[in-house]
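So you can see what is in the structure, the chains are spelled out below.
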Amino acid sequence: MRTAMETQPTQDAECDSALPTTPCSVVWSRGHAYVLEGFRARWVGRDDRGRPHAITGAEMQRRGWTFTRTA
């Protein structure tokens with residue numbers, strides 16, 4: 001199954017600055033994937049050691065993020 005971003009990789013200017021708000025949305029930050037957890041509205045992923053890591057949307061904005069994994 002392909003995600004919406006895989007089938008439509010183009011983004012408008014608004015998507016470049018605003019985090020997605022749909023639960024289970026996936027973004028990449030600092031080489032790690034984060035998923036929006038709908039119940040608590042936080043971004044959940046793994047740190048460099050594989051431990052669970054949760055951050056707020058504001059922290060995600062400060063760290064920088066993309067819809068695709070970057071090297």
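Presented here is an overview of the structure given in this document.

Parameters and conventions
Residues numbered from 1 in each chain as written. Predicted model: local features only at pLDDT ≥ 70, side-chain atom pairs only at ≥ 80, totals over all residues. Heavy atoms only, no water. Helix = DSSP H or I, 4+ residues; strand = E, 2+ residues; numbered from the N terminus. Buried < 20%, exposed > 50% of the residue type's maximum accessible area, 1.4 Å probe, protein only. Areas by Shrake-Rupley, 256 points an atom, 1.4 Å probe, with all protein chains shown as cover. Pairing = 2+ DSSP bridges. Axes fitted to C-alpha atoms, helices over the stretch in contact; angles between N-to-C directions.

### Let's talk about the overall build of the chain
Okay, so step 1: Of the regular secondary structure elements, the chain holds three helices and four strands.
Okay, so step 2: Residues classed as buried in the chain amount to 23% of the 71 residues present.
Okay, so step 3: With an accessible surface of roughly 5400 Å², the chain has 53% of that area assigned to carbon and sulfur atoms.

### Describing the sheet that holds strand S3 (residues 42–46)
Okay, so step 1: The antiparallel open sheet is built from four strands, whose spatial order is S1-S2-S3-S4. Edge positions in the open sheet fall to strand S1 (26–29) and strand S4 (52–55), since each of these has one partner strand only. The mean inter-strand angle of the sheet, taken between neighbouring strand axes irrespective of direction, is 35°.
Okay, so step 2: The pairing of S3 with S4 spans four bridges and is antiparallel. Looking at S4, one finds that Trp 43 is bridged to Ile 55.

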